[in-house]
Structure formats: C-alpha cells, structure tokens
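Examination of the molecular architecture
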Amino acid sequence: FFGGSGSGKTFMVLYLIITRAIKRPYSHLILRRTLQSAKVSICHQGMPEVVNVCFPGFEIVSASGVKPVHPGVIVYNKADNRYTFSNGSYILIGGTEDKAKLQKLLGPGWSTIYFNEATEIPEEAFDMCYTRLRQNSGLPFRFFVDCNPDFKSHWTFYRFVGKTFADKKPLADPENYGYFLMNPGDNPHLSEAY
C-alpha cells in the first residue's frame, strides 16, 4: 500500500491482521525498522485505535503472562510486545534493525507478516522475512507492506509496481505482488484543516 501520511494505510492493514487473528488461532508478525518506532506507532497508537473503532466488543488489557479467557479481551504483554487473543492467536511486534534478533523472531513461521513504513527497511530484510510465511493455519499467506511514496529506485517500487528485482530481473512469482495507492484526501476521518 502506497500513500501519503494520513491516508489510512496502517489502520487498514491492522484491521486486516486483527480480523485474521480472530478468525483462526495462529501467529502474525508486524515489523518496523526499529522496535521503538513500532512500539510508538503500532502498540501505543495503531492497535488501540483500530480496536476501539472497528471492534467495539473487544478490549485491550495490559498484563504480563496472562492468557485472555473472555473472547472480547486482547491481552497486551509489554515485556514481549505481544497481543494475545482468547483463541490462541497472537500478534507480535518487532524491529528489523538487529539481524540476530530478527532471526529469532522469524523462527517459528507466520501466517501474516507486515512491514510498516517499508521505505525505512532494507530489501534484505524483506527477502529474509518472505520465506517465513509458512505456518499451516488454513489462512492464505499474506505479506503486507506499506510506505509513503518514494523514489522509483526503491526496492518497494521495483517489487510491487515493476514486478522485478532492483537489477531488473523479473520476479519468479509476479502474480504474488500487487499494489494499491491510497491518498490522504480519500480518508474521511481526517479534518478539513489537515
């Protein structure tokens, strides 16, 4: 998803991931370049906003080592940046800046992976994470990527618009890549002043 600030990219993808987590009891990973930026944009802002607006019967509670027992409760564990649902699904939040920590995060395989603000994340991280969509959840694998428009020389443009690698070699699976442009002007939740 390409689009300017305020176009609703993060909101929409978080909605999709939460919906997938509610549907089946499997694992979903959300990454930004740094864990700190992920905590600010996803844990402190994005997840609470999406749950409040789109899932009125749900509530996020902060707890450590507690499993939710009520279907409408999502437990957020600050120690490991994990949202756990009553069906056993969880959404883990992390950063790509430390390659060793990223390798540990990727270990088990995932049903969904999401790169938030991908223009800050190197292409090598995408290549490494792409192979970790392998959890046998019954859900179709999804790798969501969002970013503000960047130069045509950025890897996101090559992969998703041009359907090639940076060296212009074609992708082996171009049908698995697509893009959508979202504009702030189309977001009905922004004020006219913005």
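Calculation notes
Residues numbered from 1 in each chain as written. Predicted model: local features only at pLDDT ≥ 70, side-chain atom pairs only at ≥ 80, totals over all residues. Heavy atoms only, no water. Helix = DSSP H or I, 4+ residues; strand = E, 2+ residues; numbered from the N terminus. Buried < 20%, exposed > 50% of the residue type's maximum accessible area, 1.4 Å probe, protein only. 1 Å grid on protein atoms, 1.4 Å probe; cavity = no way out; pocket = protein on both sides within 12 Å on 5 of 7 lines; lining within 4 Å. Points joined across faces, edges and corners; volume = space filled by probe spheres on them. Phe/Tyr/Trp six-rings, centres within 6.5 Å; stacked < 30°, edge-to-face > 60°. Lys NZ or Arg CZ within 6 Å of the ring centre and 35° of its normal.

Our focus in this paragraph is the environment of Phe 151. Assignment of secondary structure puts Phe 151 in the loop between strand 8 (142-145) and helix 5 (155-162). Under the relative-accessibility criterion, Phe 151 is labelled exposed at 63%. Residues Phe 151 and Thr 119, spaced 32 residues apart in sequence, show a C-alpha to C-alpha distance of 9.6 Å.

Here the second largest pocket defines a volume of roughly 400 Å³. What lines the second largest pocket is a set of 18 residues, and nearest its centre among them are Phe 143, Phe 160, Asn 176, Tyr 177 and Gly 178. Secondary structure elements with two or more residues in the lining of the second largest pocket: helix 4 (123-130), strand 8 and helix 5. Considering each element in turn, the lining of the second largest pocket owes the most residues, 4 residues, to strand 8.

Let's shift gears to the packing of aromatic side chains. Under the defined criterion, the tally for this structure stands at 17 aromatic pairs. Considering the side-chain rings of Phe 1 and Phe 180, the 6.5 Å spacing of their centres and the 70° angle between planes classify their relative orientation as edge-to-face. Linking Phe 1 in the segment before strand 1 (2-3) with Phe 180 in the loop between helix 5 and strand 9 (181-182), this pair joins segments that are 179 residues apart in sequence. Since its relative accessible area comes to 48%, Phe 180 is described here as partly exposed. For the ring pair Tyr 130 and Tyr 177, a centre distance of 5.9 Å and an interplane angle of 20° mean the geometry is stacked. A residue pair is termed long-range when its members are at least 10 positions apart, and Tyr 130 in helix 4 and Tyr 177 in the loop between helix 5 and strand 9 qualify at 47 residues. Here the aromatic residues Phe 115, Phe 126, Tyr 130, Phe 143, Trp 155, Phe 160 and Tyr 177 are joined through ring pairs into a cluster of three or more. Stacked on the ring of Tyr 90, the Lys or Arg Arg 82 has its end atom at 4.1 Å from the ring centre.

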